[in-house]
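# Commentary on secondary and tertiary structure
The residues making up each chain are set out below.
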Amino acid sequence: MILVSRIVFAVACLGVASAQLKVADDKVVKYPSYVPVKRGAFIIELESGNTSPSTAAYAASFNSINNVRVSSQFNSLFRGLAVSTGNNISAAQLASVQGVKRVWPVRYHTLPYR
């Protein structure tokens, strides 16, 4: 439970140093500029391991932050969360949270017309 409270504290503060944001920015998947993304929507992959908190614990931590809402939890193919954020929280800030492995912006896909 101590680790979960540290996650809440780290995310709630979001006063991450610029050097930490640079490292965290490397965890954010970058799409080419022509790929449309949904603003403020992300898929977060969590580290897996025996010592990692549960996905539900991360979901509760992220839900406790203003302007962050967890819409889905994933436990079978990979450990992760789908989140929506307000305008003041970036993907790099989400990636800077301990235990976050990678962050993908949600992208739009178009289906071919038949």
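Everything in this summary refers to the structure shown in the same document. (Residues numbered from 1 in each chain as written. Predicted model: local features only at pLDDT ≥ 70, side-chain atom pairs only at ≥ 80, totals over all residues. Heavy atoms only, no water.)

### As for the sheet that holds strand β3 (residues 80-85)
For the record, the criterion: By definition, two strands form a pair when at least two bridges between them are found by DSSP. Starting at the N terminus, helices and strands are each numbered in turn, a helix being any DSSP run of H or I of at least four residues and a strand any DSSP run of E of at least two. An axis is simply a line fitted to the C-alpha atoms; with a helix, the fit covers only the stretch in contact. Between two such axes, the angle follows the N-to-C directions and lies from 0 to 180 degrees. Contacts are residue-level and defined by heavy atoms, with any inter-residue pair within 4.5 Å sufficient.
A sheet is described by the order of its strands in space; here four strands give the open sequence β2-β3-β1-β4, paired in antiparallel fashion. This sheet does not close on itself; its edge strands, each paired only once, are β2 (68-74) and β4 (100-107). Neighbour-to-neighbour, the strand axes of this sheet turn through a mean angle of 25°, independent of strand direction. Alignment of strand β1 (residues 37-46) against β4, held across six bridges, turns out to be antiparallel. Bridged to Ile43 within β4 is Trp104. Taken strand by strand, helix α3 (residues 55-63) contacts β1, β2, β3 and β4, and its axis lies near 165° from that of β2.

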